[in-house]
Amino acid sequence: PMHPEPGAAYQAFVAQFPYTETIDQAAAIDRIQAGLSADTPLDHLLCGDVGFGKTEVAMRAAMRMIENGQQVAVLCPTTVLALQHLTTFRPRFASFDLTIGMLSRFSSPKEEADTLIKLRQGTCQIVIGTTKLLSRELSFAQLGLIIIDEEHRFGVKQKERLKKMRSTVDVL
């Protein structure tokens, strides 16, 4: 399979979820986790209305990647949405020893340079950002998953870059 089965860190992450999963959310989690265990890269579209728990589903996929030593990129069409994800991801992952960086126009040049170095070294496990994440200058130590929020809002050039990445990286 592409990735080992979820382990203790993943189970601890799930146990910290303060709500009960909805039936649809549980089904989506099961499908995505099965996809991560398959022999081919995951390419899954997750749909649902605002407030129906898509972000938790995505964060669980992220946790599984991180547990297996891989990095996660969360691609957002706007800086505001990237900031919203950052304020959701940081508290959810707070009890785990990992780094979550951000690349957007809200990042200072020093923060951006620091995040780029940590991504290359593998010491930043999750990066959340705008199309800066698709820059050719950006390199990851071990990118395992790209979570794309609102893919329909990206242009042709960005979609072409993502299409190339889909052959080697899991995409949600």
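Here the structure is shown first, and the text comes after it.
Residues numbered from 1 in each chain as written. Predicted model: local features only at pLDDT ≥ 70, side-chain atom pairs only at ≥ 80, totals over all residues. Heavy atoms only, no water.

A. Here's a closer look at the overall build of the chain. Of the regular secondary structure elements, the chain holds six helices and five strands. Helices and strands in the chain line up, N terminus first, as α-α-α-β-α-β-α-β-β-α-β. On C-alpha atoms alone, the chain measures out to a radius of gyration of 15 Å, which is about the 16 Å that the 2.2 N^0.38 rule sets for 172 residues. Overall, the chain is about 40 × 35 × 30 Å in size when its C-alpha atoms are taken along their principal axes. By the burial criterion, 44% of the 172 residues in the chain qualify as buried. For the chain, the proportion of contacts with a sequence separation of at least 24, taken over those separated by at least 6, is 75%. Just so you have it, the chain exposes about 9000 Å², and 55% of that area is on carbon and sulfur atoms. Put simply, the chain has 19 plus and 19 minus side-chain charges, and the middle of one group is 8 Å from the middle of the other. (Helix = DSSP H or I, 4+ residues; strand = E, 2+ residues; numbered from the N terminus. Rg over C-alpha atoms; globule rule 2.2 N^0.38 Å. Buried < 20%, exposed > 50% of the residue type's maximum accessible area, 1.4 Å probe, protein only. Contact = heavy atoms within 4.5 Å. Areas by Shrake-Rupley, 256 points an atom, 1.4 Å probe, with all protein chains shown as cover. Lys, Arg positive; Asp, Glu negative; His and termini not counted. Charge placed at Lys NZ, Arg CZ, Asp CG, Glu CD.)

B. Region of interest: the pairing of strand β1 (residues 71–75). In terms of burial, β1 is largely enclosed, as five of its five residues are buried. By the alternation rule, side chains of β1 split into Gln71, Ala73 and Leu75 and Val72 and Val74, which are all buried. As defined by bridge partners, β1 adjoins strand β4 (residues 143–148) across five bridges and the pair is classed as parallel. Along β4, the bridge assignment pairs alanine 73 with isoleucine 146. As paired elements, β1 and strand β3 (residues 126–129) share four bridges and run parallel to each other. Following the sheet pairing, valine 74 is matched in β3 by isoleucine 128. (Pairing = 2+ DSSP bridges.)

C. Here's a closer look at the packing of aromatic side chains. Scanning all chains against the criterion turns up four aromatic pairs. Residues phenylalanine 17 and tyrosine 19 carry aromatic rings whose centres are separated by 5.5 Å and whose planes lie at 70° to one another, so their mutual orientation is edge-to-face. Classification of phenylalanine 17 as buried rests on a relative accessible area of 14%. Members of the aromatic cluster, connected to one another through ring pairs, are Phe13, Phe89, Phe93 and Phe96. Across the ring face of phenylalanine 17, the terminal group of arginine 60 is positioned such that the distance to the ring centre comes to 5.1 Å. One residue, arginine 92, lies across the ring of phenylalanine 13, its end atom 3.7 Å from the ring centre. (Phe/Tyr/Trp six-rings, centres within 6.5 Å; stacked < 30°, edge-to-face > 60°. Lys NZ or Arg CZ within 6 Å of the ring centre and 35° of its normal.)

D. Structural view of the layout of surface pockets. In this structure, the largest pocket spans a volume of roughly 790 Å³. In this structure, the largest pocket is lined by 34 residues; those nearest its centre are Leu46, Lys54, Thr55, His85 and Asp149. When contributions to the lining of the largest pocket are tallied by element, the ones reaching two or more residues are α3 (54–67), α4 (79–92) and β4. (1 Å grid on protein atoms, 1.4 Å probe; cavity = no way out; pocket = protein on both sides within 12 Å on 5 of 7 lines; lining within 4 Å. Points joined across faces, edges and corners; volume = space filled by probe spheres on them.)

E. The arrangement of the nonpolar core in detail. In terms of nonpolar packing, the biggest core is built from 32 residues, with Val72, Val74, Phe89, Phe93, Ile100, Ile126 and Ile128 touching the most fellow members. Elements represented by at least two residues in this core include exactly α1 (8–15), α2 (23–37), α3, β1, α4, β2 (100–103), β3 and β4. Broken down by element, the residue count for this core peaks at eight residues, all from α3. Look past the residues within four positions of phenylalanine 93 in its chain and what remains in contact with it is Phe13, Met59, Ala62, Met63, Ile66, Leu98, Ile100 and Ile126. Listed in part, the 17 residues of the second largest apolar core include Val127, Leu133, Leu138 and Val171. (Core = buried A, V, L, I, M, F, W, Y, C linked by side-chain atoms within 4.5 Å.)

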